[in-house]
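Observations on the model geometry
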Amino acid sequence: MRAPLRWLMEYVDLAPTATGRDVAASFVSVGLEEEDLHGGDITGPLVVGRVLSLDEQVQKNGKPIRYCTVDVGPHGQRLTEGIPQEIVCGATNFVVGDLVVVVLPGAVLPGNFAIAARRTYGRMSNGMICAEDELGLGEDHAGIIVLADYLGADAVAGLDPGDDAIALLGLGDEVVEVNVTPDRGYCFSLRGLAREYWHAQGSPEDGFRDPAAVRTPRANDGGYAVRLADDVPLEGRAGCDRYVARIVRGIDPTAPSPAWMQRRLTQMGMRPISLAVDVTNYVMLELGQPLHAFDVAKLSGAVEVRRARAGERLTTLDDVVRTLDPEDLLITDGGDVPLAIAGVMGGETSEVDASTTDVLVEAAHFDPTTVARSSRRHRLVTEASKRFERGVDPALPAAAAQRAVDLLVEHGGGTVDDGVTDLDETSPRRGFELDVTGPSRLVGVEYPRERVVEILRQLGCLVVEGGDTANGEMPDLVSVTPPSWRPDLVDGPDYAEEVARIDGYARIPSLNPTPSGGRGLTHGQRVRRIVANALVGRGLVEVLTYPFVSEQLADAFGLDADDDRRNAVRVANPLSDELPLMRTSVLSTLVEAARRNLSRGHKDIALFEVGLVTRPGPDSSHTAPVPGVGARPDDATIAAINDAVPPQPRRVALIVCGESERSGWWGAGRVATWADVVEAATTVATALAVETRVEADTDHAPWHPGRCARITLTDGTLVGHAGELHPKALAALGLPSRTCAAELDVDVLTRASAPTTQFEPFSTHPPALTDVALVVDDQVTAAEVEAALRSGAGEFLEAVTLFDVYVGEQVGGGRKSLAYRLVFRASDRTLTTEEVNGFRDAAVASATLAVGATQR
């Protein structure tokens, strides 16, 4: 919302010598956000020019360029001894004879853009013909400003080349632009901003002059017929609870809007159109009440406000045919012909045009939710909808309509009908019992009772104080009724915020909170940190991905039809229609992160993510009850809601491809293999002091059946899988061949690591190392052999490491040789050779008994 300083000072006394920056700082002090400063930053000659000739030539790049001569009056005589200015222009929306805005060498435009004569497209250009965005008047750069189109033909009738365009367009006035938050809809007007500036200056007596304080006639039976027929209120609220209609007849359709009004509309970023339209826009900007003007000659019956019927259509003023929704609120002619989408945009059938002489001015109060939904449904955001959906003052329609008819009569002639229509079904605001000590408790600043009451009254609230208490003191509770323009004030915290805002945010001290002692991290939090640190220590990079996947991902992974990972929760309103399901594995979204990094040129990737997955199961229903907001749900409803939430276990997934050891001048690198991800997975378990077993798994998608490891606890509980992904899955996912991945259940690791681990002191005695090679059948896994060795080696066994696998003629067909290194150590002595040999033999005997191993 913009606020020209000259316009603002008509309603509030500005501080002496106040600049735009000072006014913006005052707005910020009461909680508004400064957006920008406009105007007052153009210096030098900016003048009206008349196009005398143009020579359009298409350049090699296909762009048309016009070489123009422009009459700029006495400025041209001074600069070029009376020869018209030669200007090169890239716009094509003007013709010879048009009046345009010309900036000449020596001028400075917004953004400190200095203008000088320069050679461009092969010719010398002595200045520039300006577009809206170049002057800070808007964002349009489709063409230059043609004054007859921008201000209207009547407004430029008396202009001559060389006239000052800075004064003409109001560019010398400073304009403050602020960002209006959703709860401060009243600030979408000069009236609201003037009130906020008044508060920022301490609310001096008589310092604010309300432009809505106009005398309005009472409603009577002679006004235009209006019916409020909203038979299907939205959520119990009527779509329209007040409608004011006033008629002005005999307006001169050729009467232009006054120059001062056109200038102010231009400063506000709006284009002047016609007197009737300009007046409605001007009053909306002044008071915050959107208005609409209907051509009375195009109306055949009473104005009826109702909901749309199925299949109805309306061609709006932007020439778009819109199919209406039954929730849309309409203004209709006699209840049959739609005239406008209430609070959003009017239709073509009753549009005010160049022949309109009789105008019906509509000033109404529409339901914010209804307008907001219609605006979003039709993707149609207008100045009216922005105000209605934030809440417009229901007490404004009569004053706004009166202000509009006064301006129409003053500048367009005609007479106002004696009949006044004002259907008022609004409900008075109810008072709130406010504890005047509440603001002090909530904000932490001492606000005396008198100051709280004073601020509330300055805000426009009706404050009723009770009588003295038995001890002669005033009671803490007062009855506060908010003003009609503040629908956001409903409870104690709202009023406390207003007291703090008006009294000054600068009075609130900046204090660092004193933290409580706390209880430290939970076991689960420590586990997640250890998992992440362990993987980072192995060179992996942590990422975060959105937990949404496509319906085709399960097929790309090659999951069986009965695989539980196919049972996914469908999102009711997904961010993307292509990703409607919640993920059932972290790997399913991690592959997309890998693919995105690969597409950006990263060939060596090692990523991991710790996150939740959703596992609803095949037969469970997860429909939760939706309780009302009027009261706290009972325990049964809360339990039903909790029961409807599907299980969400926490997983960690990692994916690697490319080189795990980089190649360079030092030599060849090493490509990451399934062994790297298996080692990373076991590293995580080791960091948590959780003992795991690694076994081959030949049937778990999306892993390769011959290069997949199943990782379990010693009691057989599944922890996860690690290995190389299946070639078919890699092709479907668009990942390089031999990409490897792992996924572990963090919840299982958390439970397994819950018992306190007792570390034994390091032995200072030397270890005893002995190697053993065992021949077993191909079907026997290394994990089974290792388990057998551990069970037989005794208490002095410190470590078992597989260091060689041999398959060949020396061991025979269908057999393999596994070589292990056994490390023995005692805490109180050095083990003898005989003891070590005995331990080794016992371990081999155990392996022979368990898996049929023979020693080579």
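Structure: above.
Below or above, wherever it landed, is the structure these notes cover.

About the cut-offs
- Residues numbered from 1 in each chain as written.
- Predicted model: local features only at pLDDT ≥ 70, side-chain atom pairs only at ≥ 80, totals over all residues.
- Heavy atoms only, no water.
- Helix = DSSP H or I, 4+ residues; strand = E, 2+ residues; numbered from the N terminus.
- Rg over C-alpha atoms; globule rule 2.2 N^0.38 Å.
- Buried < 20%, exposed > 50% of the residue type's maximum accessible area, 1.4 Å probe, protein only.
- Contact = heavy atoms within 4.5 Å.
- Areas by Shrake-Rupley, 256 points an atom, 1.4 Å probe, with all protein chains shown as cover.
- Lys, Arg positive; Asp, Glu negative; His and termini not counted.
- Charge placed at Lys NZ, Arg CZ, Asp CG, Glu CD.
- Phe/Tyr/Trp six-rings, centres within 6.5 Å; stacked < 30°, edge-to-face > 60°.
- Core = buried A, V, L, I, M, F, W, Y, C linked by side-chain atoms within 4.5 Å.
- Axes fitted to C-alpha atoms, helices over the stretch in contact; angles between N-to-C directions.
- Parallel < 35°, antiparallel > 145°, perpendicular 65-115°, else oblique.
- Left-handed = near helix turned anticlockwise from the far one by under 90°.
- Nonpolar A, V, L, I, M, F, W, Y, C, P; charged D, E, K, R; others polar.
- Polar contact = N/O pair within 3.5 Å; in protein donor to acceptor, adjacent residues only side chain to side chain.

Section: the overall build of the protein
When helices and strands are tallied, the protein shows 23 helices and 42 strands. Over its C-alpha trace the protein gives a radius of gyration of 40 Å, far above what one expects of a compact globule, namely 29 Å for 856 residues. When its C-alpha atoms are laid out on the principal axes, the protein stretches across 120 × 90 × 55 Å. Per-residue burial for the protein yields a buried fraction of 46% across its 856 residues. Pairs at least 24 residues apart make up 70% of the contacts formed inside the protein by residues separated by at least 6 positions. Only carbon and sulfur atoms are counted for the fraction: they give 50% of the accessible area of the protein, which is about 42100 Å². One finds the centroid of the 81 positive side-chain charges in the protein at a distance of 4 Å from the centroid of its 124 negative side-chain charges.

Remarks on the packing of aromatic side chains
Enumeration according to the criterion identifies 10 aromatic pairs in this entry. Between Trp260 and Tyr282, the ring centres sit 5.4 Å apart and the planes meet at 80°, which makes this aromatic pair edge-to-face. One end of the pair, Trp260, is in helix H7 (residues 259-267); the other, Tyr282, is in helix H8 (residues 275-287), with 22 residues separating them in the sequence. With relative accessibility at 29%, the residue Trp260 sits in the partly exposed group. Ring centres 5.1 Å apart and planes at 65° place the aromatic pair Phe366 and Phe388 in the edge-to-face group. In this pair, Phe366 is assigned in strand S22 (residues 359-366) and Phe388 in helix H10 (residues 383-388), connecting sequence segments 22 residues apart.

Concerning the nonpolar core
Counting 56 residues, the largest nonpolar core has Met1, Leu8, Phe27 and Leu193 as its most contacted members. The biggest single contributor to this core is H8, with eight residues. When sequence neighbours within four positions are dropped, the list of residues in contact with Leu193 reads Met1, Arg2, Ala3, Leu8, Phe27, Leu32, Val178 and Cys187.

Points about the packing of helix H15 (residues 523-537) against helix H19 (residues 674-687)
Describing two packed helices takes the angle between their axes plus the distance from one axis to the other. Packing of H15 against H19 leaves a shortest axis separation of 9 Å and a crossing angle of 135°. Between H15 and H19, the interaxial angle falls into the category oblique. For the crossing formed where H15 meets H19, the hand is right-handed. Two secondary-structure elements touch here, H15 through Ile530, Val531, Ala534 and Leu535 and H19 through Ala680, Val684 and Ala687. Residues of the contact of H15 with H19, tallied by class, amount to seven nonpolar, no polar and no charged.

Some points on the side chain of Arg66
If you trace the backbone, Arg66 turns up in strand S4 (residues 64-71). Residue classification places Arg66 among the buried positions, given a relative accessible area of 9%. A polar contact is formed between the side chain of Arg66 and the backbone oxygen of Phe94, at a distance of 2.5 Å.

Quick notes on unusual backbone geometry
Going from Ala701 to Pro702, the amide bond is cis rather than trans, its omega being 5°. Inspection of the secondary structure puts Pro702 in the loop between strand S35 (692-696) and strand S36 (703-713). Even without being glycine, Ser203 reaches a positive phi, approximately 55°. Turning to its location among the elements, Ser203 is positioned in the loop between helix H6 (190-200) and strand S13 (226-228). Looking at Ser203, the relative accessible area reads 9%, which means it is buried. At Asp319, a residue that is not glycine, the phi angle is positive and equals roughly 65°. The residue Asp319 is located in the loop between strand S17 (313-315) and strand S18 (321-323) in this model. According to the relative accessible area criterion, Asp319 is exposed, its value standing at 57%.

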